[in-house]
Amino acid sequence: MKQATVTDSVELLNRDMSEKNLGGHWQLGLESYLPYPETTVQPCLWKWKDVHESLMRAGEVVSIEQAERRTVRLLNPALKDRQATTHTIQFSFQYVKAGEHARPHRHTAAAFRFILKGSGAYTTVNGQKCVMEEGDLILTPQLTWHDHTNDSGKPIIWLDGLDIPLVQSLQQLLFEPYPKDAQPIEKTSDEVVLFQGSARPSSDPAADFFHYKWSDAQRNLRVLVETASPDRFDGYVLEFCKPMTGGPTMPTIQCALKLLRPGQETEPHRHTSTAIYHAFRGSGSSYVGDQRFDWEAGDSFVVPLWYPHRHLNRAQSEDAILFSMSDTPALKALELYREEPVGQ
Ligand code: 1HN
């Protein structure tokens, strides 16, 4: 009688399957999954002094022709090979000296600029001239042509936020140079009319809306502080919404201003979105996980997803204003957004 000399085993099966590009569920190691989302992104604080020094040095040694854009990027220590600030958003600072022009291009990554120091330069978005003032927010949504011109006679610095890491992970990144050195200017952002009397325009004017002015944001913040009560987790929140629909700033990125009154402290919470903050005015502290970040105007920090966090304005008399961007709209579109208070 013939004897069975080989008995099958899981190891043998795994090996044979692997040769045929197959794998078993039993090989996954389900014990490594947690009942909450886990991120590799690390909480991190970047000081303005370091960013500013790098920008000024880049101004001396990096030409705008060579760089296309003279930006200094915030790199998350856990994502350095990807040159990313978080797994979804890239955050950088751009320095354009007097007389410089950054040539037009477009890409599938959606981007915005928030103006920090300087004024009078402009970004042209699909032929629309958007003249910058400090605190303005200018959008360059996916595949819009954009170039930057600084004819203001003085240097300018702004921050750039892009959804590059997210678009890259979906393998949808593309980049296209514009065929000429500059776009022809067709109109200015002041000519974009959203409402004309009580009649709604027939075409979608929001499709042509790229420029949120600081003067409007500031007025709205004042009204909020005077008439509304603050959110217990985020203080007074002014979101940059899409006109007419009230939708998110862009499909993947929500931008907002968060104001804390002197001494104001928020309660801790956590959410499945990841946020990057930039201290625009004032000073304070944010507690992220078990770390404390002390910030002043110009500093930036990351709150990775599901990390408990809260904010505190340490000043006696000055409001603190944080500019924030998050990937919340992308998560909401995928029905992955969740948030909850965290017990103190
Ligand atoms: C970009 O196009 C700009 O147009 C700024 O100002 C920063 C970072 C990565 C990729 C493209 C801009 C960028 C960028």
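Relevant structure appears above.
This section reports on the structure supplied with the text. (Residues numbered from 1 in each chain as written. Predicted model: local features only at pLDDT ≥ 70, side-chain atom pairs only at ≥ 80, totals over all residues. Heavy atoms only, no water.)

What about the site of the ligand?
Then step 1. For the ligand, the full set of nearby residues is Arg 69, Thr 71, Arg 73, Gln 94, His 105, His 107, Arg 113, His 146, His 148, Asp 160, Leu 162 and Ile 164.
Then step 2. His 107 places a polar side-chain atom, nitrogen or oxygen, 2.9 Å from an oxygen atom of the ligand.
Then step 3. A distance of 3.0 Å separates an oxygen atom of the ligand from a polar side-chain atom of Arg 113.
Then step 4. Taken by itself the ligand offers 330 Å² of open surface, and the protein chains cover 90% of this.
Then step 5. Those elements that provide at least two residues to the shell around the ligand are strand S2 (71-73), strand S4 (101-107), strand S9 (146-149) and strand S10 (156-162).
Then step 6. Split by residue class, the shell around the ligand holds two nonpolar, six polar and four charged. (Near = heavy atom within 4 Å. Polar contact = N/O pair within 3.5 Å; in protein donor to acceptor, adjacent residues only side chain to side chain. Areas by Shrake-Rupley, 256 points an atom, 1.4 Å probe, with all protein chains shown as cover. Helix = DSSP H or I, 4+ residues; strand = E, 2+ residues; numbered from the N terminus. Nonpolar A, V, L, I, M, F, W, Y, C, P; charged D, E, K, R; others polar.)

Remarks on the nonpolar core
For soluble globular proteins, nonpolar side chains are generally found buried alongside one another.
Then step 1. In this structure, Phe 93, Phe 112, Leu 137, Leu 159, Leu 257, Phe 323 and Met 325 are the most contacted members of the largest nonpolar core, which totals 42 residues.
Then step 2. Non-local contacts of Phe 112, meaning those with residues more than four positions away in its chain, are made with Leu 137, Ile 138, Leu 139, Thr 140, Leu 159, Asp 160, Gly 161, Met 250, Ile 253, Cys 255, Phe 323 and Met 325.
Then step 3. With 12 residues, the next largest nonpolar core counts Ala 102, Cys 130, Met 132 and Ile 156 among its residues. (Core = buried A, V, L, I, M, F, W, Y, C linked by side-chain atoms within 4.5 Å. Buried < 20%, exposed > 50% of the residue type's maximum accessible area, 1.4 Å probe, protein only. Contact = heavy atoms within 4.5 Å.)

Some remarks on unusual backbone geometry
Then step 1. In this structure, Glu 68 takes a positive phi of about 70° despite not being glycine.
Then step 2. Positive phi is not limited to glycine here, since Glu 335 has a value of about 55°.
Then step 3. Tracing the backbone shows Glu 335 in the loop between helix H6 (328-333) and strand S23 (339-341).

What about the sheet that holds strand S14 (residues 236-239)?
Then step 1. Strand order in this open sheet of six strands is S1-S20-S17-S22-S15-S14, and the pairing throughout is antiparallel. A single partner strand is all that each edge strand has here, and the edge strands are strand S1 (44-46) and S14. Between one strand axis and the next, the sheet turns by 25° as a mean value, whatever way the strands run.
Then step 2. Taken together, the six bridges between strand S17 (residues 275-281) and strand S22 (residues 320-326) define a ladder with antiparallel strand orientation. The residue bridging Arg 281 from the neighbouring strand is Ile 321, located in S22. (Pairing = 2+ DSSP bridges. Axes fitted to C-alpha atoms, helices over the stretch in contact; angles between N-to-C directions.)

Looking at helix H5 (residues 214-227)
Then step 1. Under the 1.5 Å per step criterion, the end-to-end length of H5 is 20 Å for 14 residues, consistent within 8% with the ideal 20 Å.
Then step 2. Buried residues along H5 sit against strand S13 (211-212), S14, strand S15 (254-260), S17 and S22. (Expected span 1.5 Å × (residues − 1).)

Quick notes on the sheet that holds strand S12 (residues 187-188)
Then step 1. As summarised here, the arrangement of the six strands in space is S11-S4-S9-S6-S7-S12, forming an open sheet in which the pairing is mixed. Each edge of the open sheet carries a strand with a single partner, namely strand S11 (175-177) and S12.
Then step 2. Bridging between strand S6 (residues 122-125) and strand S7 (residues 128-131) involves four bridges; their strand directions are antiparallel. Within S7, the position partnered with Thr 124 by the bridge is Lys 129.

Some points on the pattern of salt bridges
Then step 1. Throughout the structure, instances matching the rule amount to 18 salt bridges.
Then step 2. For the salt bridge of Lys 47 with Asp 299, the shortest nitrogen-to-oxygen distance reads 2.5 Å. You can see Lys 47 sitting in the loop between S1 and helix H2 (48-61) and its partner Asp 299 sitting in the loop between strand S19 (291-296) and strand S20 (300-303), a full 252 residues away along the chain.
Then step 3. Its salt-bridge partner being Asp 190, residue Lys 213 comes within 2.5 Å of it at the nearest N-O pair. Of this pair, Lys 213 sits in the loop between S13 and H5 while Asp 190 sits in the loop between S12 and S13, placing them 23 residues apart in sequence.
Then step 4. Of the residues examined, Lys 213 reaches a relative accessible area of 24% and is grouped as partly exposed.
Then step 5. One salt-bridge network, held together by shared partners, links Lys 47, Glu 296 and Asp 299. (Salt bridge = Lys/Arg side-chain N within 4 Å of Asp/Glu carboxyl O.)

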